[in-house]
Amino acid sequence: MRNHPKGLITLAGTEMNERLSFYGMRAILVLFLAAAVSEGGMGLGTGTATAVVGLYLAMSYFTALPGGWIADRLLGQRRTVLVGGVVIMLGHISLALEFGSAFVWFGLALVCVGTGLLKPNISAMVGELYKDQPDARRDAGYSLFYMGINIGSAIGLFLVGYLGERVNWHVGFAVAAVGMALGLLQYVLGQKNLRGAGDAPGNPLTAGERGRVLRILGIAAAAIALAFVAAALTGTLSVDNVTYVLTAFSIIVPIAYFVYMFVVRRDDITDEERPKLTAFVWLFIASAVFWMIFDQAAGPLTLFAQDHVDLHIGSFAVPAGSTQAVNPLMVIVLAGVFALVWTKLGDRVSTGMKFAAALVLCGFSFVVMSWATAATDGGTVKVSLMWLVGVYLLQTIAELCLSPVGLSMTSKLAPQAFKAQMMGLFFLSITAGDAVGAQVSRLQPVLGGTYFLMLGLLAVVAGIALSLFVGKLRTLMGEQRRAVQEAAA
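In this report, the structure presented in the accompanying data block is examined. (Residues numbered from 1 in each chain as written. Predicted model: local features only at pLDDT ≥ 70, side-chain atom pairs only at ≥ 80, totals over all residues. Heavy atoms only, no water.)

It is worth spelling out the overall build of the protein at this point. On a plain count of helices and strands, the protein comes out with 19 helices and four strands. Whereas a compact globule of 489 residues would reach a radius of gyration of roughly 23 Å, the protein reaches 22 Å, a difference of no more than 12%. Burial analysis of the protein (489 residues in total) assigns 56% to the buried set. Sequence separation of 24 or more characterises 83% of the internal contacts of the protein that already satisfy a separation of 6 or more. A total of about 19800 Å² of accessible surface is found on the protein, and carbon and sulfur atoms cover 70% of it. Charge centroids of the protein, computed over 32 positive and 27 negative side chains, lie 8 Å from each other. (Helix = DSSP H or I, 4+ residues; strand = E, 2+ residues; numbered from the N terminus. Rg over C-alpha atoms; globule rule 2.2 N^0.38 Å. Buried < 20%, exposed > 50% of the residue type's maximum accessible area, 1.4 Å probe, protein only. Contact = heavy atoms within 4.5 Å. Areas by Shrake-Rupley, 256 points an atom, 1.4 Å probe, with all protein chains shown as cover. Lys, Arg positive; Asp, Glu negative; His and termini not counted. Charge placed at Lys NZ, Arg CZ, Asp CG, Glu CD.)

Tallying each qualifying case throughout the model produces 19 aromatic pairs. Ring centres 5.5 Å apart and planes at 50° place the aromatic pair Tyr257 and Tyr260 in the tilted group. You can see Tyr257 and its partner Tyr260 sitting in helix α9 (residues 239–264), three residues apart, about one turn around the helix. Relative accessible area serves as the criterion here: at 28%, Tyr260 is assigned to the partly exposed category. Ring centres 5.1 Å apart and planes at 85° place the aromatic pair Phe366 and Phe452 in the edge-to-face group. Here Phe366, found in helix α13 (residues 351–375), pairs with Phe452, found in helix α17 (residues 449–467); they are 86 residues apart in sequence, far enough to count as distant. For the pair Phe366 and Phe452, a shared accessibility class is recorded, and that class is buried. Ring pairing ties together the aromatic residues Phe22, Tyr23, Tyr56, Tyr61, Phe426 and Phe427, which thus form one cluster. Arg19 extends its terminal NZ or CZ atom over the ring of Phe22, reaching a point 4.2 Å from the ring centre. (Phe/Tyr/Trp six-rings, centres within 6.5 Å; stacked < 30°, edge-to-face > 60°. Lys NZ or Arg CZ within 6 Å of the ring centre and 35° of its normal.)

Let us look at the packing of α13 against helix α14 (residues 386–413). The interhelical angle for the contact between α13 and α14, taken along N-to-C directions, is 160°, at an axis separation of 8 Å. Between α13 and α14, the angle falls in the class roughly antiparallel. The crossing of α13 and α14 is left-handed. Across the contact of α13 with α14, the residue classes break down as 21 nonpolar, four polar and one charged. (Axes fitted to C-alpha atoms, helices over the stretch in contact; angles between N-to-C directions. Parallel < 35°, antiparallel > 145°, perpendicular 65-115°, else oblique. Left-handed = near helix turned anticlockwise from the far one by under 90°. Nonpolar A, V, L, I, M, F, W, Y, C, P; charged D, E, K, R; others polar.)

A few words now on the side chain of Gln395. Positionally, Gln395 belongs in helix α14. Here Gln395 falls in the buried class, since its relative accessible area comes to 1%. Within the structure, Gln395 has its side chain in polar contact with the side chain of Ser365 (distance 3.1 Å). Setting aside chain neighbours within four positions, we find Gln395 in contact with Ile293, Phe294, Cys362, Ser365 and Phe366. (Polar contact = N/O pair within 3.5 Å; in protein donor to acceptor, adjacent residues only side chain to side chain.)

All right, on to the layout of surface pockets then. Of the pockets and cavities examined, the largest pocket occupies roughly 2200 Å³. Every residue lining the largest pocket is counted, 49 residues in all, and those nearest its centre are Met59, Phe62, Thr63, Ile224 and Phe249. Broken down by class, the residue content of the lining of the largest pocket amounts to 37 nonpolar, eight polar and four charged. (1 Å grid on protein atoms, 1.4 Å probe; cavity = no way out; pocket = protein on both sides within 12 Å on 5 of 7 lines; lining within 4 Å. Points joined across faces, edges and corners; volume = space filled by probe spheres on them.)

Here we take up a nonpolar patch on the surface. On the surface, a cluster of nonpolar side chains totalling about 650 Å² of accessible area is made up of Leu82, Val86, Leu90, Ile93, Leu97, Phe99, Phe103 and Val188. Here the nonpolar patch gets four residues from one element, more than from any other, and that element is helix α4 (residues 77–96). Take Leu97: it is sitting in the loop between α4 and α5 (101–129). (Patch = residues over 30% accessible without salt bridge, like charges linked within 9 Å, V, L, I, M, F, W, Y side chains within 5 Å. Salt bridge = Lys/Arg side-chain N within 4 Å of Asp/Glu carboxyl O.)

None of the figures reported here should be taken as evidence of function without further support.
Okay, structure coming up:
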């Protein structure tokens, strides 16, 4: 950290506490939703519970797009992050109150909205700290930022997972609220280290635009309210139907937004920026495939741990939700190594190749999951915890090839007119992947190990296909030109 801006500590510390709350709740959410009402849970079926968790994760990242827009046009990144943190904390408080299902759904909605306000903007601010610095140093900074995030994730998964499963679900949610409160305190106290990053909107609304936006928001709110009323009156309002609608929405919106950028706002994108945006589209698709698999840790993999894994380490039984902590713990160990590797390699290994490697490794992790499922002998045998450790090791290496690199890549490829919104658009790749994963996860109880094998092979094939086009991607991104310049220097 010695050669990095002090503001990185402020932003990484804030995100660390936010991830403590987010991943802490993620540790117990599917178990809480699937648990019987008599056990303090929501009593949803397994398929519905995994779909809800997948869509919750998807919507948490979907809201990153309007969150980026609010920062770009209204509040600036710094204030938007603060507002987002407050909303997240209120969401966890709502979940902690044992006042019925309405407070659960309201709490999840608040966390989704708050995450969208905070997540893309705090990541974009990291990029602002490295303005006019070499790309390799920026990649290293994002890797260190990512390591800080995973410290919070690991603490949350262990602490909230243990308290939620062993004491009370709502006590776990309350601890998540405390985690976000600590993050807010840390963020406010560290403002002086940010050196003006995110102080003002990049492209503030004019007076005329404000009126138009308010009208659009009013119409949208009325349409959503009417849709809910109509569904309730016709008897079609159900948790499952809401997940279907949100899945379709999660796929349509990024497609529409790319059309908006390339066609409607084409004059705001320069000739130099356009090929970079084209490269971003292909990396967006690769990212969506990756997250479709990776984020199933919160649903099918956690339920697999609960039902089919011997969770004992000596006399201590690891909470099922806490098995997800293997991933962030490995990130903590490996993130510094990857930061050093990316710095040493510079532009010799392209972003496209890193993404291709991530897809192959993540896909192979699900091939391993198919073997683990077969080892349960039809559910009659509980397998070793080491099966999940192996799966999460593969996914962690894949994640470090894609996620921090993806954040850095987005900050480099973003057109100036869409600077903060592009970070939100990158998170929409997670939305699309999680939304599709939410629906296909319903098939896992039926297909068993075949489910993991099919998805794993899909990702491996996608990674191999991407690797065949890395040269074209380098040209579109301008990486080839930078590599030649660095070699000459």
